[in-house]
Amino acid sequence: PRPRQKIAARDRVAVVIADGTRALPSDRLLPWLFAELGHVPTENFTVIVGTGTHRPNTAKEIARIVGPEVAARYRVINHNAYDSSTMAEVCPAAEGVPALWMNREYVEADRRILVGFIEPHFMAGYSGGYKAIFPGIADLKSILHYHRAEMIGHPRSAWGVLENNPTQAHIRRMGSALAVDFLLNVTLNHQQQITRFYCGDVIGAHEAGCAFAKEAAMVASPRRYPLVITTNSGYPLDQNLYQSVKGMCAAAEIVEAGGEIVTVARCNDGFPSHGNFAAMLAEYPSAQAMLDAVYTPGFHKLDQWQVQKFAQVLLQAKVSLYSELSPEQARQAHLTPIGDLNAYLRQRVAELRPGTPIAVLPEGPMTIPYLDGDGQK
């Protein structure tokens, strides 16, 4: 049913959107949604920015994310996974899973709407669906449990995999703990234009969108390559090194063992400065030491999941980086810094045997290669 058929004028409505690190066109989607629900008073809506463990978005960023008119008229709040006073318990602890807490405004709402976009995801198979709320508006302890090493390291926790993917299964189990009244998901092209809408039931709409995303955003490769050049698909995803791991992971799908990944990502927001990602990279002398740490029984630390994925790539191939990070910062992250990108690429190509094919991923994690034939996932 359409949202206007399910949601009454008196209902308090929680709308969950992505934060500023995602390309979700909330500024285009929210006005359409609010027009559909024009019978509901403005003050009955709360738009929750699903930050997960990311930093809160500034007022200026929120105005950009939702559009200045929506920012001025509607209540828009950042989720804060670190502040228990802003959350309410949804499920008690059970079978080794900690109690699930979510944003109080979401829990206490009469109606709930999830807004997101669907693309291949390096752990969950695909983004979108219940991922907006888990981990988007969950508590820190639940997010850490979700990102535990065994789950992230599972071979089915991979790009484009839904079936028997433990990460996606956990997202759906936690996300469905409270009823969701409407899903509004879209797919995007490389210009961040909306290509299709997937609306309605969370699972039905999400799986239809995932099938299209695989067709549109994944490509079979007949072989691995000694040199793979990738990006992190530009703004907003290439703001920091943490997010840029995704582009590296996309390249890792088709790089030869011992080959090289050249990553081009702006990283104007640094590592970033918040969280533990930078500190963990500096703490451990090698990629193997990083993995040994995260697999230590009882080890739980914010951002360990991104360190784990990063370390797996570093063990597979040399990774070079062209960015706004200083050479010292790049080396601290176990990367080879690139000063002049064109000169570096000319040199590396010249070092390969004549006619050796190389791979280029202009959209980074927005277009995911996978091995065809015997190596197909």
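Structural data are supplied above this passage.
This text gives an overview of the structure that appears in the document. (Residues numbered from 1 in each chain as written. Predicted model: local features only at pLDDT ≥ 70, side-chain atom pairs only at ≥ 80, totals over all residues. Heavy atoms only, no water.)

Observations concerning helix α15 (residues 341–351)
To be explicit about the condition: Exposure is judged per residue with a 1.4 Å probe applied to protein chains only, and the accessible area is read against the type maximum: over 50% gives exposed, under 20% gives buried, and values in between give partly exposed. Working definition: helices are DSSP H or I runs of at least four residues, strands are E runs of at least two. Numbering for both runs from the N terminus. Relevant arc is that of directions from the helix axis to the C-beta atoms, nothing else. Contact between two residues is taken to exist if any of their heavy atoms lie within 4.5 Å; hydrogens are not considered. For the purposes of these results, a polar contact is taken to be a pair of N or O atoms within 3.5 Å, where, inside protein, one atom must be able to donate a hydrogen and its partner to accept one; residues adjacent in sequence count only when each atom of the pair is a side-chain atom.
For α15, the set of buried residues is L341, Y344, L345 and R348. Viewed end-on, α15 has its buried residues packed into an arc of 95 degrees, placing them on one side of the element. Exposed residues on α15 whose side chains face more than 90 degrees from its buried face are N342, R346 and A350. Here the buried face of α15 lies against β12 (225–231), β13 (255–264) and β14 (318–322). Its side-chain oxygen at 3.2 Å from the backbone nitrogen of N342, D340 defines the N-terminal cap of α15.

Re the nonpolar core
The line we're drawing: In this text, buried Ala, Val, Leu, Ile, Met, Phe, Trp, Tyr and Cys residues form a nonpolar core when linked through side-chain atoms within 4.5 Å.
Counting 90 residues, the largest nonpolar core has Y106, L114, L241, F277, L281 and L335 as its most contacted members. Per element, the largest residue contribution to this core is eight residues, and it comes from helix α10 (residues 241–252). Non-local contacts of L335, meaning those with residues more than four positions away in its chain, are made with L241, M248, F310, L314, V319, L321 and A330. Judged by nonpolar contacts, the second largest core, of 30 residues, contains V15, A18, L24 and F117.

Focus on a nonpolar patch on the surface
Quick reminder of the rule: A patch consists of residues whose relative accessible area exceeds 30% and which take part in no salt bridge; residues with like charges are grouped when within 9 Å of each other, and nonpolar side chains (Val, Leu, Ile, Met, Phe, Trp, Tyr) when within 5 Å. Only the protein chains shown count as cover for residues, and all accessible areas are computed by the Shrake-Rupley method using a 1.4 Å probe. We count a salt bridge whenever a side-chain nitrogen from Lys or Arg sits within 4 Å of a carboxyl oxygen from Asp or Glu.
Together, V349, I358 and V360 make up a nonpolar patch on the protein surface, roughly 220 Å² of accessible area in all. In this fold, V360 is placed in strand β16 (residues 359–361).

A word on the state of the cysteines
The condition that has to hold: Cysteine sulfurs are considered disulfide-paired once they come within 2.5 Å of each other.
A full pass over the atoms with the stated rule returns zero disulfides. Its sulfur unpaired, C199 is 14 Å from the next cysteine sulfur, which belongs to C210. Residue C199 is classed as partly exposed on the basis of its relative accessible area of 35%. No disulfide involves C267; its nearest neighbouring cysteine sulfur is the one of C249, lying 14 Å away. Using a relative accessible area of 2% as the deciding quantity, one classes C267 as buried.

A closer look at the sheet that holds strand β6 (residues 111–117)
Let me state the cut-off plainly: Any two strands with at least two DSSP-identified bridges between them are counted as paired. Note on method: axes are straight lines fitted to C-alpha atoms, helices fitted across the in-contact stretch only, with angles between N-to-C directions ranging 0 to 180 degrees.
Spatial ordering of the open sheet is given by β3-β2-β1-β6-β9-β10, a layout of six strands whose pairing is mixed. Either end of the sheet is taken by a strand with one partner, and the two such strands are β3 (75–78) and β10 (194–200). Shown here is a sheet whose adjacent strand axes are inclined to one another by a mean of 20 degrees, direction ignored. Across six bridges, the pairing between strand β9 (residues 182–188) and β10 is antiparallel.

Let's talk about the sheet that holds β14
In spatial order, the strands read β15-β14-β13-β12-β16; together these five strands make up an open sheet with parallel pairing. Each edge of the sheet is formed by a strand with only one pairing partner; in this case those strands are β15 (336–337) and β16. Sheet analysis places β12 next to β16, joined by three bridges and oriented parallel. Counterpart to V228 in the pairing with β16 is A359. Contacts from α10 reach β12, β13, β14 and β16 within the one sheet, and its direction differs from that of β13 by about 140 degrees.

Observations concerning the environment of V15
As for its placement among the helices and strands, V15 is situated in strand β1 (residues 13–18). Taking the C-alpha atoms as reference points, V15 and A279, 264 residues apart in sequence, are found 34 Å from one another. When residues no more than four places from it in sequence are discounted, the contact partners of V15 are L30, L33, F45, T46, V47, I48, I113 and V115.

The analysis is restricted to geometry; functional conclusions fall outside its scope.
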